[in-house]
Amino acid sequence: MVVHRRAYSAAQIYAHWAGAALVTALFASAWVREGVEDTALRRLLLDWHRLVGLVLMALSLVRLGLRLARPAPPPLPGMPVWQHRVAGLVHGGLYLLLFLQPASGWLLASARGRALDLFGWLPLPALMAKDAERAEWLGLAHASLSWALLALVALHAGAALAHAVVLKDGTLDRMRPPGRGFSRPSTVPES
C-alpha cells in the first residue's frame, strides 16, 4: 500500500493564510485611500499599501519556493479531473498575479517619478525613468491586475467554500492550520 500526503505543510499553510491577510490589507488600504482627502493620511495609506505589497511579493517568493520543494498533495479520491485542472489554473494565476501586481505598482511609482521611500526609512530604487505615457499605461495595468486578482481570489475562496459546505469532501481541511480544533488526516491509502 502506497501512502500519500493529504495536507500541505505547516509552513505552506501559514504562508497561504498570511498571504490572504496581506491581499485583504492591500485591497482595504487602496479602497479606503480613495475616500480620504487629508494629504498626510493619503500618504500614510499609500506607504502602508506599498510596504504590504512588497511584503506580499517577498512572501510569494517564499511560497513559490515552498511549493517547489513540496508540491501540492494529489487530489482527493473522487475529485473530477476537470476540477483538479481548473484548480491548477487558478493557483497558477494567483501565483502569477501575486508577483505581477506588486511589480506593476513599483513600476508605476517609478514611471510617475515618485521614489519608493517607505516611511522615510526604506528607500527602494526606481525600476525605470519617469515617463508620463508609461505611467498612464502602468496605472491602467495595475488597476486591471487588481480586478483580475480579486476575481481569482473570489473564485478560489468560493470553490473552497463549495468543497467545505456543499461537497464536504475534505479539500479545505488540507489548508487548515494544524492545532486544536482542527482535525486533518495526514495520509490516505492509495486505492
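Reading the values: rules and limits
- Residues numbered from 1 in each chain as written.
- Predicted model: local features only at pLDDT ≥ 70, side-chain atom pairs only at ≥ 80, totals over all residues.
- Heavy atoms only, no water.
- Helix = DSSP H or I, 4+ residues; strand = E, 2+ residues; numbered from the N terminus.
- Buried < 20%, exposed > 50% of the residue type's maximum accessible area, 1.4 Å probe, protein only.
- Contact = heavy atoms within 4.5 Å.
- Areas by Shrake-Rupley, 256 points an atom, 1.4 Å probe, with all protein chains shown as cover.
- Lys, Arg positive; Asp, Glu negative; His and termini not counted.
- Charge placed at Lys NZ, Arg CZ, Asp CG, Glu CD.
- Expected span 1.5 Å × (residues − 1).
- Phe/Tyr/Trp six-rings, centres within 6.5 Å; stacked < 30°, edge-to-face > 60°.
- Core = buried A, V, L, I, M, F, W, Y, C linked by side-chain atoms within 4.5 Å.
- Salt bridge = Lys/Arg side-chain N within 4 Å of Asp/Glu carboxyl O.

(A) Structural context of the overall build of the chain. Looking only at helices and strands, the chain features four helices and four strands. Each helix and strand of the chain, ordered N terminal to C terminal, gives the series β-α-α-α-β-β-α-β. When the backbone C-alpha atoms are referred to their principal axes, the chain occupies close to 60 × 35 × 30 Å. The buried share of the chain, reckoned over its 191 residues, is 34%. Restricting to contacts in the chain with at least 6 residues of sequence separation, those with at least 24 account for 74%. Carbon and sulfur atoms form 68% of the exposed surface of the chain, whose accessible area is close to 11600 Å². The averaged location of the 11 negative side-chain charges in the chain is 11 Å from the averaged location of its 19 positive side-chain charges.

(B) Region of interest: helix H1 (residues 10–34). Taking 1.5 Å as the rise per residue, H1 with 25 residues should run 36 Å; its terminal C-alpha atoms sit 37 Å apart, in good agreement. Turning to H1, its buried residues number three or more, namely Gln 12, Ile 13, Ala 15, His 16, Gly 19, Leu 22, Val 23, Leu 26, Phe 27, Ser 29 and Arg 33.

(C) Region of the structure containing unusual backbone geometry. Phi is positive for Lys 168, which is not a glycine, with a value near 50°. For Lys 168, the position within the fold is in the loop between helix H4 (132–167) and strand S4 (187–189). Overall, Lys 168 belongs to the exposed group, its relative accessible area being 65%.

(D) Spotlight on the packing of aromatic side chains. According to the stated counting rule, one finds one aromatic pair in the structure shown. Arranged with centres 5.3 Å apart and planes meeting at 45°, the rings of Phe 27 and Trp 31 form a pair that is tilted. With Phe 27 and Trp 31 both in helix H1 and four residues apart, the pair spans about one turn of that helix.

(E) Structural detail: the nonpolar core. Of all hydrophobic cores here, the largest spans 13 residues; its most connected members are Leu 22, Val 23, Leu 56, Leu 98 and Leu 149. Listed by contribution, the elements that provide at least two residues to this core are H1, helix H2 (39–69) and helix H3 (81–111). Counting residues per element, this core draws most heavily on H1, at five residues. Setting aside its immediate chain neighbours within four residues, Leu 56 contacts Gly 19, Leu 22, Val 23, Leu 26 and Leu 98.

(F) Representation of the side chain of Arg 50 within the structure. Examined against the element boundaries, Arg 50 turns out to sit in helix H2. An unpaired buried charge is present at Arg 50: no salt bridge exists, and Asp 47, the closest side chain of opposite charge, is 4.6 Å distant. Leave out the neighbours within four places in its chain, and Arg 50 touches Arg 43, Ala 109, Arg 114, Ala 115, Leu 116 and Leu 118.

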